[in-house]
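Chains, contacts and geometry: an overview
Here is what each chain is made of, one letter per residue.
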Number of protein chains: 4
Amino acid sequence: MVIVMAPDATPENIDSLVELVASAGGEAYVTRGVSRTIVGLVGDVRQFETLDLRAMPGVSDVLRISAPYKLVSRENHESRTVVRVGGVPIGGDNMTLIAGPCAVETPEQTLAAAQMAKAAGASVLRGGAYKPRTSPYAFQGLGESGCKILADVRAETGLPIVTEVVDAADVDLVAGYADMLQIGTRNMQNFALLQAAGEAGVPVLLKRGMNATIEEWLMAAEYIAQRGNLDIVLCERGIRTFEKATRNTLDISAVPVAQGLSHLPVIADPSHSGGKRELVLPLSRAAVAAGADGVIVDVHPAPETALCDGPQALSGSDITELAEMATNLPAMVGRSLTPAPERVGV
Amino acid sequence: MVIVMAPDATPENIDSLVELVASAGGEAYVTRGVSRTIVGLVGDVRQFETLDLRAMPGVSDVLRISAPYKLVSRENHESRTVVRVGGVPIGGDNMTLIAGPCAVETPEQTLAAAQMAKAAGASVLRGGAYKPRTSPYAFQGLGESGCKILADVRAETGLPIVTEVVDAADVDLVAGYADMLQIGTRNMQNFALLQAAGEAGVPVLLKRGMNATIEEWLMAAEYIAQRGNLDIVLCERGIRTFEKATRNTLDISAVPVAQGLSHLPVIADPSHSGGKRELVLPLSRAAVAAGADGVIVDVHPAPETALCDGPQALSGSDITELAEMATNLPAMVGRSLTPAPERVGV
Amino acid sequence: MVIVMAPDATPENIDSLVELVASAGGEAYVTRGVSRTIVGLVGDVRQFETLDLRAMPGVSDVLRISAPYKLVSRENHESRTVVRVGGVPIGGDNMTLIAGPCAVETPEQTLAAAQMAKAAGASVLRGGAYKPRTSPYAFQGLGESGCKILADVRAETGLPIVTEVVDAADVDLVAGYADMLQIGTRNMQNFALLQAAGEAGVPVLLKRGMNATIEEWLMAAEYIAQRGNLDIVLCERGIRTFEKATRNTLDISAVPVAQGLSHLPVIADPSHSGGKRELVLPLSRAAVAAGADGVIVDVHPAPETALCDGPQALSGSDITELAEMATNLPAMVGRSLTPAPERVGV
Amino acid sequence: MVIVMAPDATPENIDSLVELVASAGGEAYVTRGVSRTIVGLVGDVRQFETLDLRAMPGVSDVLRISAPYKLVSRENHESRTVVRVGGVPIGGDNMTLIAGPCAVETPEQTLAAAQMAKAAGASVLRGGAYKPRTSPYAFQGLGESGCKILADVRAETGLPIVTEVVDAADVDLVAGYADMLQIGTRNMQNFALLQAAGEAGVPVLLKRGMNATIEEWLMAAEYIAQRGNLDIVLCERGIRTFEKATRNTLDISAVPVAQGLSHLPVIADPSHSGGKRELVLPLSRAAVAAGADGVIVDVHPAPETALCDGPQALSGSDITELAEMATNLPAMVGRSLTPAPERVGV
């Protein structure tokens, strides 16, 4: 950490600061410049977290250098993590495709979507049983009976399942069905939920908050990791900007940036960021080409009757195009498509 | 609702759409223009919520006209609501000052802050016992023992208390101590929490999500209202923008805009939006002058040792200036400062 | 400036950096921490501007401390500047009201608007002759004949005039008519225009770019100042955010922040930020209460036929309310309304 | 256009509106719903531009349907445009690489960069002679002598050149040297410059404003087109968001969105959006995979001494990687790399 003193800071101000740092077990080095004095802090950043350095008299600014996250940081963990979801790897040299319906509606719709997913090259099935909706009057998901449908479809197709959980109280129930828990964009800073997911014993797919910085996203992952769960996959799903031609703005740069800062796998969700079917394939290709560890997309056998986000679901000939992309593009960036598990292995 | 058809929409597309609307109990009126056809929908917007109109073939755009929120809308509720917090009114011709420490740390610090709040003209005490923090390594609040401190200080000072709740599982516990529950910016779309607060039997202070549109904020209030609790106070606390000179950007326009759209009282939080002590008074004055129903500010007897957000807490001579503002400015906009309740009345 | 070295920076990297700084006439102080080395630079920041320090091997981050603007900074110019526009002061203990039509349309409309402005308490007349419009098919302003109309209305009413200039080539022409040049939000980084305005010999009203940080705004002012013109008034006019209920988001905090960083007067434009008539009065009150040195508003005798921005123009009874605000509110923040100049003095 | 009337609009309000539309040569169709009345307008949108419909009594909202741009719209121009820059095609089935130094510094540096560009597969050379800089104290470019250097390097290498122009007054001079004019992000709404470029007789590379919506970007292109120049290439270069880990956020979705709305070629600039060397290759791959018609990147023989944006310039082994990408990736999206022109042809 570097502390910038105000131009009118007194020698007493500086002494107080040095003492405070020392009292917390750190060391402070003072450099006096022409117009400002700079104090460098040496020590573990966590020991300074409880000090309110900015409130000290004479302090103008506090600049943090080391990352505030530790367990998920790449600084002390150079090799990239591979997370296994029901045996399917995400990370490493794999490009893993996750696909399925936005919401689980019926057993038939879910099975049909899972078969589409498999045809597209997916090795993990997505599907929402608990849906966070902006309006209390919109379809809220089937809840536990949706989880049961997913489990049945897993038995039928062999695809492990990832599904969203929206309340800390439901984590154990959902973890009883799912191979991976999803924490959605609106809950990225629902700390009680993050902590519960950290103790659930299954991998977690952590979507970036639509207004969260990459640093806040990694801090949210740190909440999960701190409870002992390091099987976390990060998912960029679009951020909120002034542009209204797309539902959100896919922050494609976040893929290499997060991979540079963290050892966790990073995937992208082109369905929810673009919000329009015709953008899903171009954005999927962009994500794979940018080096994403995977892509998660919405597919639906009949988008026009979907209870949730129909306009962005792939269907029909899109599936063939997606399969072609998933098969051929990863090789351009030194990866290969993760194969779907054998049905017998389930 | 108005549906805009694509230029190449067929007559069959339009017929299907009209039938779908009719099947949901609505009526559709078709207007054929030179290059586009427009379909107007007549009926309650809620009956169309489950239809995925945008996914219908030939549909180019769906424009919603009526507000998607009903219970909190001003459309059917012209008179402005007055919410009572432990007997203290918020709304109407009142300008209510809420003040207190960001976090409850000790009984002494909380009592001292409450006395400062009272001296500044506050009639409600704020203080955090459960703190949502970006870092898992930062101070997380005292939890229930913090609630007990607040209740003791209420007994001592007569000020009713508002405190944050961060998990649906804690709502009943916190509501057992507090006169008003606060739902913070990071939880504005934690729907399980909103629903629990809607059943808690005490008023709710709903902070705007730092990335939420005004419409989404009102939808979040609708979640609470839908569970039977209409004692909701909206709080503008700054939104996230590209500007980094302030912690967040206080959206001062949101005060008159939300008051125009909803019958609920709207207050402002200049402490968390600006994030700097020297901005709190100018922004408080701005909020009152813009017609806010109240202001909520951080005060602390010793900001330099505060465990949370010390740099934005008012102290010392700030209190006198705040009191002067609270006493004199409301009259310029036809309001008057809500007096603190008598200690006997508690 | 403070330079943060990468964890793997070599001693040679650090030596090269120290030498580079020395070659530019500065001094570098090296502090070696546990995981990182910090290099503090002492000297005038301008001498380091041409060095591309971030590109040096081993450099991880470059943190600038001193403000990059000098002439407009308050650091070396503690007293606040008062700018005189045709004799009318802006700054100091004044609250100056500027009002007039968005666009000059006819002599009659401009005179009527000027009389409304005067009735509202304005001492300077605004009006656009050159209009930057998003669409090439929209009304582009009357050009020089609009300037002539403004000059005639000044002769009739005694109000000095401020009008926008959109091209460096037009600066001398417009400065021949106007008492103050306005540089609009879309041109805040049109550096050729800023430089021409810096040599025009009349004061400049510099609107903040709708996407500009406060620092960039002050850098734009520095461009004008560097050409010898320090008669600059800054105008906050709303920034672009994700919120769509208002045309732009008035960044009310920018008023005290910019006043803290610069000695130049800072005014606010509530008409263009809110974009709706009913928001203009609440936002004007907020700006004055926040300590703005003035307010600039659109007025029009017949908003429903206005060629530009009619929906935000004040008219009729709004004028009385604006006058009441302008007369009474400034005293709450230690200011008084600048009176209009006598007609004889023109 | 669709006009939504306020709930309390009177029959007279509606009649006035219908008459106004009729007087402008259009037709209005009235649909009366339960709570609102809707008026659909039939006719060319341009004829309604001068009417201030939102200001009419009883009007609540005005919703525009047809695009406000005509000449650059794909609606009436289904085939995609191919723009030729000194004979080199951009658009169609080509993927055109443009590369060169951010700023022209010396003949040697420019020639070296041009040779690097060619080695990477570029067929057009970029290089700035007029540099818009945030700080007046930063390097502002060599001006006309920079243009001469570019022309000499073109003679030597055969690569046509694109260079920025920042002032309408310089357009003819710069067009005398360049094969293509660049209009930069800060000048996207410098309408005088757009109009001058529309009359310059050479193609224009129009960068998206860092705060501009896609619609505003296309309107800016319309300004150029309206003056008779349809040889326009659009360039997405990153938008300003709350994320600070990157200089700007590359809006990768803007590539397919703009290609869907306009017939003009769309390229991407991964150097200025990411602002960091290590992001340039991943973002270049993403842009090509998303279907961009080209990519424009900074290269520099010695980034550590570059006078401008050194940290983002590719160098050394990056060039080989870029060449490999440019050679192999376009085939994945049905394109092929545009070859550099023969030197003889210049």
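As the structure is a computational prediction, the values presented were derived from the model and not from experiment.

Thoughts on the overall build of chain A
- A tally of regular secondary structure across chain A gives 11 helices and 15 strands.
- Expressed along its principal axes, the backbone C-alpha trace of chain A runs to roughly 75 × 40 × 40 Å.
- Per-residue burial for chain A yields a buried fraction of 67% across its 346 residues.
- For chain A, restricting intrachain contacts to residue pairs at least 6 apart in sequence, the fraction spanning at least 24 positions comes to 70%.
- Entry remark: accessible area of chain A is about 11,100 Å², with carbon and sulfur atoms responsible for 48%.
- Counting 28 positive and 40 negative side-chain charges, chain A places the centres of these two groups 3 Å from one another.

Comments concerning the nonpolar core
- Residues Leu181, Leu206 and Ile252 of chain B together with Leu206 and Ile252 of chain C are the most contacted members of the largest nonpolar core, which totals 152 residues.
- Once residues lying within four places of it in the same chain are set aside, the contact partners of Leu181 of chain B are Val162, Thr163, Val165, Val171, Val174, Ala175, Ala197, Ala200, Val202, Pro203, Val204 and Leu205 of chain B.
- The next biggest cluster of nonpolar side chains, apart from the first, holds 149 residues, and it includes Met116, Val174, Ile214 and Met325 of chain A.

Considering the relation of the copies chain C and chain D
- For these two chains of identical sequence, chain C goes onto chain D by a turn of 180° and a shift of 0.0 Å along the axis, with RMSD 0.0 Å. With respect to symmetry, the two chain copies, as superposed, fit the operation of a two-fold axis. No C-alpha of chain C lies nearer the rotation axis than that of Asn211 of chain C, which sits 2.9 Å from it.
- Most of the interface of chain C is mirrored in chain D, where 100% of its interface residues are also at the interface.

Notes on unusual backbone geometry
All names here are of chain A.
- In this model, Asp309 sits at a positive phi of 55°, which is unusual for a non-glycine residue.
- Locating Asp309 in the fold gives a position in the loop between strand S14 (294-298) and helix H11 (317-328).
- Using a relative accessible area of 14% as the deciding quantity, one classes Asp309 as buried.

Regarding the interface of chain C and chain D
- Each side of the interface is counted separately: chain C has 44 residues, and chain D has 44 residues.
- Together, the buried faces of chain C and chain D total about 3,700 Å²; carbon and sulfur atoms form 52% of this surface.
- Remark: the boundary between chain C and chain D carries two salt bridges.
- Residue Glu216 of chain C pairs with Arg240 of chain D through a salt bridge whose shortest N-O separation is 2.6 Å.
- Counting across the chain C and chain D interface gives 15 residue pairs in polar contact (both at pLDDT 80 or more).
- Among the elements of the structure, helix H5 (191-198) and helix H6 (214-226) of chain C are those that each provide at least two residues to the side of chain C that touches chain D.
- Looking at side-chain class alone, the side of chain C that touches chain D contains 20 nonpolar, 11 polar and 13 charged residues.

Details of the packing of helix H2 (residues 107-120) of chain C against helix H3 (residues 144-157) of chain C
All names here are of chain C.
- The geometry of H2 relative to H3 is characterised by a closest axis approach of 10 Å and an angle of 45° between their N-to-C directions. Here H2 lies oblique to H3, going by the angle between them. H3 is crossed by H2, and the crossing has right-handed handedness. Contacts from Pro107, Thr110, Leu111, Ala114 and Lys118 in H2 reach Ile149, Leu150, Val153, Glu156 and Thr157 in H3.

So, the pairing of strand S7 (residues 94-100) of chain D
Residue and element names in this part refer to chain D.
- The buried count for S7 comes to seven of seven residues, which makes it a mostly enclosed element.
- Across the two faces of S7 the burial is the same, with Asn94, Thr96, Ile98 and Gly100 and Met95, Leu97 and Ala99 all buried.
- Where S7 and strand S14 (residues 294-298) come together, five bridges link them in parallel fashion. Residue pairing in the sheet places Ile98 in a bridge with Ile296 of S14.
- Judged from the two bridges that link them, S7 and strand S8 (residues 124-126) form a sheet pairing that is parallel. Across the sheet, the residue bridging to Ile98 is Val124, located in S8.

Things to note about empty space enclosed by the protein
- One pass over the structure, following the stated rule, counts eight cavities of 30 Å³ or more.
- Estimates place the volume of the largest cavity at around 280 Å³.
- Around the largest cavity sit 21 residues that line it, and Thr185, Arg186 and Asn211 of chain A together with Arg186 and Asn211 of chain B are the ones nearest its centre.
- The calculated volume of the second largest cavity comes to roughly 240 Å³.

Let's talk about the pattern of salt bridges
All names here are of chain A.
- Inspection of the entire model under this criterion finds 46 salt bridges over all chains.
- Measuring nitrogen to oxygen at the nearest pair gives 4.0 Å for the salt bridge that ties Arg80 to Asp293. Remark: Asp293 occurs in the loop between helix H10 (277-289) and S14 and Arg80 occurs in the loop between strand S4 (59-63) and strand S5 (83-85); sequence separation between them is 213 residues.
- On the basis of relative accessible area, Arg80 is assigned to the partly exposed category, the value being 26%.
- By relative accessible area, which is 0% here, Asp293 ends up buried.

So, the UniProt feature "domain: DAHP synthetase I/KDSA" (unreviewed entry) in chain A
- The UniProt entry lists residues 87-327 of chain A under the feature "domain: DAHP synthetase I/KDSA" (unreviewed entry), expressed in the numbering used here.
- Measuring from the first to the last C-alpha atom of residues 87-327 of chain A gives 20 Å, for a span that is 38% helix and 16% strand.

Points about the packing of aromatic side chains
- Following the criterion strictly, the structure yields four aromatic pairs over all chains and no others.
- Here Phe191 of chain A and Tyr223 of chain A contribute two aromatic rings whose centre-to-centre distance is 4.5 Å and whose plane-to-plane angle is 25°, an arrangement assigned as stacked. Of this pair, Phe191 of chain A sits in helix H6 (residues 191-198) while Tyr223 of chain A sits in helix H7 (residues 214-226), placing them 32 residues apart in sequence.
- Using a relative accessible area of 0% as the deciding quantity, one classes Tyr223 of chain A as buried.
- Over the ring of Phe242 of chain C we find Arg240 of chain A, and its NZ or CZ is 5.7 Å from the ring centre.

Side note on the side chain of Asp298 of chain C
All names here are of chain C.
- Looking at where Asp298 falls in the secondary structure, it is placed in strand S14 (residues 294-298).
- Taking the relative accessible area as the measure of exposure, Asp298 reaches 1% and is therefore buried.
- Excluding residues that lie within four positions of it along the chain, Asp298 makes contacts with Gly100, Cys102, Arg126, Ser271, His272, Asp309, Gln312, Ala313 and Leu314.

Concerning the side chain of His263 of chain B
Residue and element names in this part refer to chain B.
- Inspection of the secondary structure puts His263 in the loop between helix H8 (254-261) and strand S13 (266-268).
- A polar contact is formed between the side chain of His263 and the backbone oxygen of Leu71, at a distance of 2.9 Å.
- Apart from the residues within four sequence positions on either side, His263 is in contact with Leu71, Val72, Ser73, Arg74, His77, Ser79, Arg80, Thr81 and Leu230.

A look at helix H1 (residues 11-23) of chain D
All names here are of chain D.
- If you check H1, its first and last C-alpha atoms are 18 Å apart, about what 13 residues at 1.5 Å a residue would give, namely 18 Å.
- Three or more residues of H1 are buried, namely Asn13, Ile14, Leu17 and Val21. Along the long axis of H1, the arc covered by the buried residues comes to 95°, so they all point the same way. In H1, those exposed residues whose orientation departs by more than 90 degrees from the buried face are Pro11, Glu12, Glu19 and Ser23.
- Immediately downstream of H1, the backbone of Gly25 shows phi near 90°, a positive value.

Thoughts on the environment of Thr305 of chain C
Residue and element names in this part refer to chain C.
- Within the fold, Thr305 resides in the loop between S14 and helix H10 (317-328).
- Separated by 289 residues in sequence, Thr305 and Ser16 have C-alpha atoms that sit 67 Å apart.
- If sequence neighbours within four positions are ignored, Thr305 has contacts with Glu105 and His300.

Section: helix H3 (residues 107-120) of chain D
Residue and element names in this part refer to chain D.
- For H3, built from 14 residues, the straight-helix expectation of 20 Å at 1.5 Å per residue is met to within 8% by its first-to-last C-alpha distance of 20 Å.
- Those residues of H3 not exposed but buried are Gln109, Thr110, Ala113, Ala114, Met116, Ala117 and Ala120. Buried residues along H3 cover an arc of 160° about the axis, so they all sit on one side. What points out from H3, more than 90 degrees from its buried face, is the exposed set Glu108 and Ala119.
- For H3, the elements touching its buried residues are S7, S8, helix H4 (144-157) and helix H11 (317-328).
- Within two residues after H3, Gly121 carries a phi angle of roughly 105°, on the positive side.

Regarding the environment of Pro11 of chain B
- Looking at where Pro11 of chain B falls in the secondary structure, it is placed in helix H1 (residues 11-23).
- Spatially, the C-alpha atoms of Pro11 of chain B and Thr37 of chain B are 9.9 Å apart, while their sequence positions differ by 26 residues.

Let's talk about the state of the cysteines
- The final tally for this structure, using the stated rule, is zero disulfides over all chains.
- We note that Cys235 of chain A lacks a disulfide partner, and the nearest cysteine sulfur, in Cys102 of chain A, lies 13 Å from it.
- Considering cysteine sulfurs only, Cys102 of chain D is the nearest to Cys147 of chain D, which forms no disulfide, with 15 Å between them.

Rules used throughout
Residues numbered from 1 in each chain as written. Chains lettered and ligands numbered in written order. Predicted model: local features only at pLDDT ≥ 70, side-chain atom pairs only at ≥ 80, totals over all residues. Heavy atoms only, no water. Helix = DSSP H or I, 4+ residues; strand = E, 2+ residues; numbered from the N terminus. Buried < 20%, exposed > 50% of the residue type's maximum accessible area, 1.4 Å probe, protein only. Contact = heavy atoms within 4.5 Å. Areas by Shrake-Rupley, 256 points an atom, 1.4 Å probe, with all protein chains shown as cover. Lys, Arg positive; Asp, Glu negative; His and termini not counted. Charge placed at Lys NZ, Arg CZ, Asp CG, Glu CD. Core = buried A, V, L, I, M, F, W, Y, C linked by side-chain atoms within 4.5 Å. Least-squares fit on C-alpha atoms with pLDDT ≥ 70 in both. Buried area = accessible area lost by both parts, 1.4 Å probe. Salt bridge = Lys/Arg side-chain N within 4 Å of Asp/Glu carboxyl O. Polar contact = N/O pair within 3.5 Å; in protein donor to acceptor, adjacent residues only side chain to side chain. Nonpolar A, V, L, I, M, F, W, Y, C, P; charged D, E, K, R; others polar. Axes fitted to C-alpha atoms, helices over the stretch in contact; angles between N-to-C directions. Parallel < 35°, antiparallel > 145°, perpendicular 65-115°, else oblique. Left-handed = near helix turned anticlockwise from the far one by under 90°. Pairing = 2+ DSSP bridges. 1 Å grid on protein atoms, 1.4 Å probe; cavity = no way out; pocket = protein on both sides within 12 Å on 5 of 7 lines; lining within 4 Å. Points joined across faces, edges and corners; volume = space filled by probe spheres on them. UniProt positions renumbered as here; feature names shortened; annotations may be inferred. Phe/Tyr/Trp six-rings, centres within 6.5 Å; stacked < 30°, edge-to-face > 60°. Lys NZ or Arg CZ within 6 Å of the ring centre and 35° of its normal. Expected span 1.5 Å × (residues − 1). Arc of directions from axis to C-beta. Disulfide = S-S within 2.5 Å.

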